[in-house]
Number of protein chains: 2
Amino acid sequence: MPKEVKSIPDGYHSVTPYLIIDGGRANDALDFYTRAFGATTLSRIDAPDGSVVAQLSIGQSNFWLADESAPHQSFSPQTLGGSTTRMILITDDPHAAFDRAVAAGASSVCPVRDEDYGWRIGRVVDPFGHHWEIGKPL
Amino acid sequence: MPKEVKSIPDGYHSVTPYLIIDGGRANDALDFYTRAFGATTLSRIDAPDGSVVAQLSIGQSNFWLADESAPHQSFSPQTLGGSTTRMILITDDPHAAFDRAVAAGASSVCPVRDEDYGWRIGRVVDPFGHHWEIGKPL
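Here's what I pulled together on the structure shown here.

Quick notes on the rules
- Residues numbered from 1 in each chain as written.
- Chains lettered and ligands numbered in written order.
- Predicted model: local features only at pLDDT ≥ 70, side-chain atom pairs only at ≥ 80, totals over all residues.
- Heavy atoms only, no water.
- Least-squares fit on C-alpha atoms with pLDDT ≥ 70 in both.
- Helix = DSSP H or I, 4+ residues; strand = E, 2+ residues; numbered from the N terminus.
- Buried < 20%, exposed > 50% of the residue type's maximum accessible area, 1.4 Å probe, protein only.
- Contact = heavy atoms within 4.5 Å.
- Arc of directions from axis to C-beta.
- Pairing = 2+ DSSP bridges.
- Axes fitted to C-alpha atoms, helices over the stretch in contact; angles between N-to-C directions.
- Salt bridge = Lys/Arg side-chain N within 4 Å of Asp/Glu carboxyl O.

**Let's talk about the relation of the copies chain B and chain A**
Alright, step 1. The two copies are related by a screw motion: chain B maps onto chain A through a turn of 180° and a shift of 0.0 Å along the axis, at an RMSD of 0.0 Å. Those values place the two copies in the arrangement expected of a two-fold rotation axis.

What follows is the structure, encoded as structure tokens:
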């Protein structure tokens, strides 16, 4: 382990993704991730312009989300026409988690199935254009 | 914590980002993240078509990278003209980590400085178009 990552404050992780949300919908995304994936909001900042930055957790992992801001080179999947990073969500029961995400408003990309590479996994795209693979190693 | 994320196999995390790399350069990206951030390669799959999927770790966090594949809706920042997810890298010494990343080939977006919101943090874009904020809470 390199010297510069030997000490991380409690509750933080070495690497944490930060998802960009279109159209001032960061608050909607926070609600969606709560309903779809059981995420918990750890912190939330509401800026004077109405934009939102929030830190969420799922299980022992954290992620951030924020409203799009072109001056800050923060682009949403809706604006760019695709996403440049997928999120892998590991769960005990991929079928149940997949169904819950779709019920909350995600769209199925690939249904959950047992893949040759040893995972039970499926994929959804959320209403904000971010792709989530939902599964577990078998 | 929701029922479906109560049990995660050893070495896995609830949520793990998966970065898409342009132009068949996943192998170059793996080399870059090793030099720039001290990443360790946990696993690597070389497909018959020459494409690469690899799992890396930095500190106690993991992430994946893979070559772009339009049929799989996997788009690189170079192809889309921006990135839809940033990565937050927490480190003991943000100045040293930032300088190391730039020496390895990243470009400075914002130099490291102490921000009003209580972080010492800067930002680079790597040669593959992914943005990394490098810092620590103060």
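Okay, back to it.
**Some details on the side chain of S76 of chain A**
Alright, step 1. Among the structural elements, S76 of chain A can be located in the loop between β4 (61–67) and α2 (77–80).
Alright, step 2. Here S76 of chain A falls in the buried class, since its relative accessible area comes to 0%.
Alright, step 3. For S76 of chain A, the contacting residues outside a window of four places in its chain are I20, I21, D22 and E68 of chain A together with T84 of chain B.

**Remarks on helix α3 (residues 94–104) of chain A**
Residue and element names in this part refer to chain A.
Alright, step 1. Listed in full, the buried residues belonging to α3 are P94, A97, F98, A101 and A104. Angular distribution of buried residues about the axis of α3 spans 130°; they occupy a single face of the element. In α3, those exposed residues whose orientation departs by more than 90 degrees from the buried face are D99 and A103.

**Structural notes on the sheet that holds strand β7 (residues 119–125) of chain A**
Alright, step 1. In space, the eight strands of this open sheet follow the order β6(A)-β7(A)-β8(A)-β5(A)-β1(B)-β4(B)-β3(B)-β2(B), with mixed pairing throughout. Across the chains shown, the open sheet's two edge strands, defined by having one partner strand only, are β6 (107–114) of chain A together with β2 (40–46) of chain B. Geometrically, the sheet is characterised by an average inter-axis angle of 20° between neighbouring strands, direction not taken into account.
Alright, step 2. Bridge count between strand β3 (residues 52–58) of chain B and strand β4 (residues 61–67) of chain B: six bridges; the pairing is antiparallel. Across the sheet, the residue bridging to I58 of chain B is S61 of chain B, located in β4 of chain B.
Alright, step 3. Where helix α1 (residues 26–37) of chain B meets the sheet, its contacts fall on β1 (15–21), β2, β3 and β4 of chain B, and the angle it forms with β4 of chain B comes to roughly 150°.

**Here we look at the pattern of salt bridges**
All names here are of chain A.
Alright, step 1. With the rule as written, the count across this model stands at 12 salt bridges over all chains.
Alright, step 2. The salt bridge partner of E133 is R86, with a shortest N-O separation of 2.7 Å. Here R86 lies in strand β5 (residues 85–90) and E133 lies in strand β8 (residues 131–137), a separation of 47 residues in the sequence.
Alright, step 3. R86 sits in the buried class, given a relative accessible area of 10%.

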